[in-house]
Amino acid sequence: MAELAAAAAPASPPPELDELIRQIAAYNPQADGPLIRRAYEYCARMHRGQKRRSGEPYVTHPLNVAMIIAELKLDMPSIVTGLLHDVVEDTGASLEEVQDLFGAEVARLVDGMTKVSKITFSSREEKQAENFRKMVIAMAHDIRVVLIKLADRLHNMRTLNHLPLDRQEEISRETLEIYAPIAHRLGIYWLKSELEDYAFRYLNPPAYAMLKAQVAKKRVEREEYIRGVIEIITRRLTEGGVTAEVTGRPKHFYSIHSKMRQEELSFDQIYDLVAFRIIVPSVRDCYEALGVVHANWKPIPGRFKDYIALPKPNMYQSLHTTVIGPRGQRMEVQIRTREMHEVAELGIAAHWSYEEGDGPSQPRDAERFAWLRRLIEWQRNLNDPEEFLSTVKDDLFSEEVFVFTPRGDLLDFPQGATVIDFAYRIHSQVGHHLAGARVNGRMVPLRYRLKSGDTVEAITSERQAPGKDWANHVVTARAKSRIRQWLRQQQAERSLELGVSLIDRELAPLGLSVAQLRAKGRFAPALEEFSQRDLDGLIAAVGYGIITVAQVLAKTLTADELKLYRGEKTPAPAGDRGQPKAREPRRQPDNAVIVSGVDDMLVRFARCCNPLPGEAITGFITRGRGVTVHLAGCPHALATDPQRRVPVVWKADEATPRPIRLEVLCVDQPGLLAAMSKAIAAAGVNISTAEVKTTGVDGRALSLFEVHVTNAAQLNNLMHSIAAIDGVMRVSRLGLRNGAARHLL
């Protein structure tokens, strides 16, 4: 392979390569330019003849990835890996050859970047969750792997328009749910913002185009406002004796859209579209600048955050405040030192200190990477990858609150965390036996939500144990997993007892029992048939309802015993006692879905999410009610016991209309209801019920429709058609029971 690599001279290098080398030299004058050229030439040879969907030579992709990595100011091995990250996966190159040519460190990073394509997954969600788990493990080994993956994803998002629409949506959703939050957690906010904007563009083109046009319409006015405010802030700071660099930037599209959706505002009601940044020489100057800002403009209560005294877990530091600025408009102001600004722009990458690739080595790095250690602990404790992905997204990517232990130790938690989360953070046994808590010296209920600055003391009792509702009052992955493990253990013990009781009851007429059959080893065929590791697991599965008693006995009893068993189950008439009558087979229900591995099961659809054909689904076995089908990402489904989940798939020809509730938030104006009804009719969808409410205060109306659609594609087209109507602000799909909404972006 080395001879092959050296065989033909590549085409002349593009000007972008020289630009890359200049970009690296600007922050690393000792950079090895010839090594970069050598890596590019090798990459060009290996990818020769390969094209991207755009028609460009494939080598343009790794070159652009390397340029993004240079923007992050990473080290030489990272840059070289950016150029080589696809050669092992997509060409004839081997990892051994990469190591021979570019060293062990680069080979290790390339290996971490190489996707695992040989594993078979049952669903897209499982693949996404398992890939995320692998990324976490790679990140713990060397966080540069994830930084390079982020650069790779960013360039893919920049060129996503060349892919089919379904791939655009799938990749964009994964970017919004996984990669953008990782960039946020690593503190690389410019990269996070760009990923979010691209994902927003492809997930909701009408809303993106409308917002882009509205922002562009006010561009001149906004630029004039920014210049004027910068001049005023600079003058006031100078008068106050503070030397500072002041800049202003418009907020990115996705953050504006998110605020409009969360606060149910129209674009014209969003005033703080611009954030101003004040960069000063020292920490003392930060607080002096804050004093100047608050002395000149009225601060908005509750909008001041001191991330200097209490840094974020990724070590981001800054003062944030929102004030009523010139022209009576809200403006967000961030105040930080130059060093803090470097951290805010580059995140984890700004703290680079590696010793031979062993990981973070300086004392402060241990603090920076504490969240990563927790992430590794979660992935070890949560066997279900989808549950891991869900809980980590809930926990890791939320805004933080900071609380104190009675000894004064500072702990960070996501927004919405309760004292139960606090107890499990201290120790699993403290959580299991939590009986109460004191917050700031006062007793509070277990569902009390933590606030920044609280001092929390957990009170335990040996008689206390987790309740089934505890999982509804926690948000951290650690607390959720520990509570579920405890409940599963209790459930397993009860299911084992129930399973023994059910089987013994069926065996009693034969003069047999579970203990007798166990002693004779007669359950072995059933263990093999149902892929159970031990007898307790098999019997517990019967107690759960996953396996029926009849299925177990069919593999356990002899032919004569089975005849006798069936005769006992269906007694013959008085004159025919000698001829036991066989049980009539039950008719297989006509289900819309196929339940894998479980025969003769009733199926019902969960009203919390009401899944549609074409959507990813999962099944949950319930006692006496067959299999309940949920959407794969439904929170209720993720909260269920993974041992009672079963794979389910839609029948290929399923086209039965199913009821779906839609909520439309719109401007209260004449003709809008008629326009929405026309859009629904044009989509070939029938309206069962319609209800319209107007607030009468802010000029908005809320319309509720129950419609019948046959599949997910029809529903998505309908929601996009309604969202494109002028005056519609938000379209949401609601659960039929509890009103839980999933919004159209």
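Per chain, residues are indexed from 1 in the order of the written sequence. Reporting of local features is limited, given that this is a predicted model, to residues whose pLDDT is at least 70; pairs of side-chain atoms are given and counted only at 80 or more, and all residues count toward the totals for whole chains, interfaces and linings. Side-chain numbers here rest on the full set of heavy atoms in the structure, without hydrogens or water.

Counting from the N terminus, the helices are the DSSP runs of H or I reaching at least four residues and the strands are the DSSP runs of E reaching at least two. A count of helical and extended segments in the protein gives 31 helices and 22 strands. Using a 1.4 Å probe on the protein chains alone, a residue whose accessible area is under 20% of its type maximum counts as buried, one over 50% counts as exposed, and one in between counts as partly exposed. Within the span of the protein, comprising 745 residues, buried residues form 50% of the whole. By element, 50% of the accessible surface of the protein is carried by carbon and sulfur atoms, the whole surface being about 35900 Å². For the accessible areas, the method is Shrake-Rupley and the probe is 1.4 Å, while residue cover comes only from the protein chains on display.

This part takes up the pattern of salt bridges. Every case where a carboxyl oxygen of Asp or Glu lies within 4 Å of a side-chain nitrogen of Lys or Arg is listed as a salt bridge. The full count for this structure, using the stated rule, is 17 salt bridges. With a closest N to O distance of 2.8 Å, Arg-144 and Glu-105 form a salt bridge. With Arg-144 in helix 10 (residues 144–158) and Glu-105 in helix 8 (residues 104–113), this pair connects stretches of sequence that are 39 residues apart. Residue Arg-144 is classed as buried on the basis of its relative accessible area, which comes to 0%.

This next bit is on the pairing of strand 18 (residues 658–667). Across the ten residues that make up strand 18, a large majority, seven, are buried. We treat two strands as partners when DSSP finds at least two bridges between them. As paired strands, strand 18 and strand 21 (residues 728–734) are joined by six bridges and run antiparallel to one another. Bridge pairing links Leu-662 to Arg-733 in strand 21.

We now examine the packing of aromatic side chains. Centres within 6.5 Å are what make two rings of Phe, Tyr or Trp a pair, Trp counting through its six-membered ring; a difference in plane orientation under 30 degrees is then read as stacked, over 60 as edge-to-face, and the rest as tilted. Overall, the coordinates contain nine aromatic pairs when judged by the stated rule. Where Tyr-208 meets Phe-253, the ring centres are 5.4 Å apart and the plane angle is 90°; that geometry is what we call edge-to-face. Of this pair, Tyr-208 sits in helix 13 (residues 205–217) while Phe-253 sits in helix 15 (residues 253–262), and the two are 45 residues apart along the sequence. As far as burial versus exposure is concerned, Tyr-208 and Phe-253 are alike and both buried. Seen in terms of ring centroids, Phe-605 and Trp-650 are 5.6 Å apart; in terms of plane orientation they differ by 10°. Their pairing is stacked. Here Trp-650 lies in strand 17 (residues 648–650) and Phe-605 lies in strand 13 (residues 603–605), a separation of 45 residues in the sequence. Here Phe-605 falls in the buried class, since its relative accessible area comes to 16%. Taken together, the ring pairs connect Phe-200, Tyr-208, Phe-253 and Tyr-254 into an aromatic cluster.

This paragraph deals with the environment of Thr-321. Mapped onto the secondary structure, Thr-321 falls in strand 5 (residues 319–324). For the pair Thr-321 and Pro-299, spaced 22 residues apart in the sequence, the C-alpha separation amounts to 7.1 Å. Here, two residues are considered to be in contact whenever any of their heavy atoms come within 4.5 Å of each other. Setting aside anything within four residues of it in sequence, one finds Thr-321 in contact with Leu-290, Val-293, His-294, Pro-299, Arg-303, Phe-304, Met-331, Glu-332 and Val-333. At a separation of 2.8 Å, a polar atom in the side chain of Thr-321 contacts the side chain of His-294. Counted as a polar contact is a pair of N or O atoms within 3.5 Å, where, for protein atoms, one must be capable of donating a hydrogen and the other of accepting one, and residues adjacent in sequence contribute only when both atoms are in side chains.

We now examine the packing of helix 2 (residues 15–27) against helix 4 (residues 60–71). With axes taken as lines fitted to C-alpha atoms, and helix axes fitted only over the stretch in contact, angles between N-to-C directions fall between 0 and 180 degrees. Packing of helix 2 against helix 4 leaves a shortest axis separation of 9 Å and a crossing angle of 15°. Between helix 2 and helix 4, the crossing angle belongs to the class labelled roughly parallel. Handedness of the crossing formed by helix 2 with helix 4: left-handed. Counted together, Glu-16, Leu-17, Glu-19, Leu-20, Gln-23, Ile-24 and Tyr-27 of helix 2 and Leu-63, Ala-66, Met-67, Ala-70 and Glu-71 of helix 4 form the full contact between these two elements. The residue classification treats Ala, Val, Leu, Ile, Met, Phe, Trp, Tyr, Cys and Pro as nonpolar and Asp, Glu, Lys and Arg as charged. All others, Gly included, are polar. Its residues assigned to classes, the contact of helix 2 with helix 4 shows eight nonpolar, one polar and three charged. Should an angle lie under 35 degrees it is considered roughly parallel, over 145 roughly antiparallel, and from 65 to 115 roughly perpendicular; all remaining angles are considered oblique. Throughout, a crossing is termed right-handed when the near helix is turned clockwise from the far one, and left-handed when it is turned anticlockwise from it by less than a right angle.

Let us look at the confidence of the model for the protein. With 78% of its residues at a pLDDT of 70 or more, the protein has an overall mean of 78. Taken together, the stretch residues 115–122 has pLDDT below 50 and engages in six contacts with residues farther than four places along the chain or on a different chain. A low-confidence stretch, residues 736–741 (pLDDT under 50), is modelled with 15 contacts involving residues beyond four sequence positions or located in other chains. The predictor attaches a confidence to each residue, and that confidence, scored 0 to 100, is pLDDT.

Turning our attention to the sheet that holds strand 10 (residues 442–444). With respect to topology, three strands assemble into an open sheet ordered 10-9-11, the strand pairing being antiparallel. Both edges of this open sheet fall to strand 10 and strand 11 (456–460), since each of them pairs with a single strand only. Strand after strand, the sheet turns through a mean of 35° between neighbouring axes, direction not considered. Strands strand 9 (434–439), strand 10 and strand 11 of the sheet are contacted by helix 21 (residues 419–426), whose axis makes an angle of about 105° with strand 9.

We now examine helix 30 (residues 672–682). All of the buried residues in helix 30 are Leu-672, Met-676, Ala-679 and Ile-680. All buried residues of helix 30 fall inside an arc of 100° around its axis, so they share one side. Every exposed residue of helix 30 that faces more than 90 degrees away from the buried side is listed here: Ala-674, Lys-678, Ala-681 and Ala-682. The secondary structure elements touched by the buried residues of helix 30 are strand 18, strand 19 (686–694), strand 20 (700–709), helix 31 (712–723) and strand 21. Here, the arc refers to the directions that run from the helix axis to the C-beta atoms.

Moving on: the nonpolar core. Counting residues in each nonpolar core, the largest one holds 71 residues, and the members touching the most others are Leu-20, Ile-36, Leu-84, Val-98, Phe-102 and Leu-150. The residues touching Phe-102, leaving out its near neighbours within four places in the chain, are Leu-35, Arg-38, Ala-39, Tyr-42, Val-80 and Leu-84. Each nonpolar core is a collection of buried residues, namely Ala, Val, Leu, Ile, Met, Phe, Trp, Tyr and Cys, held together in the definition by side-chain atoms within 4.5 Å.

By the element assignment, Leu-186 lies in the loop between helix 11 (165–185) and helix 12 (189–203). For Leu-186, a relative accessible area of 0% puts it in the buried group. As a C-alpha pair, Leu-186 and Ile-143 span 43 residues in sequence and 9.7 Å in three-dimensional space.

Further remarks concern the packing of helix 7 (residues 95–102) against helix 8. Relative orientation and spacing of two packed helices are given, respectively, by the angle between their axes and the distance between those axes. In the contact formed by helix 7 and helix 8, the axes pass within 7 Å of each other and the chain directions differ by 145°. Like other packed secondary-structure pairs, helix 7 and helix 8 cross with a definite hand, here right-handed. Residues Leu-95, Val-98, Gln-99 and Phe-102 of helix 7 form the contact with helix 8, whose participating residues are Ala-104, Val-106, Ala-107, Val-110 and Asp-111. Residues belonging to the contact of helix 7 with helix 8 are distributed by class as follows: seven nonpolar, one polar and one charged.

So, on to helix 2. Taken residue by residue, helix 2 has Leu-17, Leu-20, Ile-21 and Ile-24 as its buried positions. Around the axis of helix 2, the buried residues are gathered within 95° of arc, so they sit on the same side. Opposite the packed face of helix 2, turned more than 90 degrees from it, sit the exposed residues Pro-15, Arg-22 and Ala-26. If you follow the buried residues of helix 2, they end up packed against helix 3 (33–46), helix 4 and helix 5 (76–84).

The next subject is the side chain of Glu-663. Position of Glu-663 relative to the elements: it lies in strand 18. Only 2.6 Å separates the side chain of Glu-663 from the side chain of Arg-730, close enough to count as a polar contact. Those residues within four positions of Glu-663 in sequence are excluded, and the remaining contacts are Leu-702, Ser-703, Leu-704, Arg-730, Val-731, Ser-732 and Leu-734.

A separate point is unusual backbone geometry. For Lys-73, which is not a glycine, the phi torsion comes out positive at approximately 60°. Looking at the secondary structure, you find Lys-73 in the loop between helix 4 and helix 5. Phi angles above zero are rare outside glycine, and Asn-610 is one such case at about 45°. Inspection of the secondary structure assignment puts Asn-610 in the loop between strand 13 and strand 14 (617–622).

Glancing now at the environment of Leu-718. Following the sequence through the fold, Leu-718 ends up in helix 31. Relative accessible area serves as the criterion here: at 0%, Leu-718 is assigned to the buried category. Considering only alpha carbons, one finds Leu-718 and Ala-682, 36 residues apart in sequence, at a separation of 8.9 Å. Apart from the residues within four sequence positions on either side, Leu-718 is in contact with Leu-662, Ala-679, Ile-680, Ala-683, Val-685 and Val-707.

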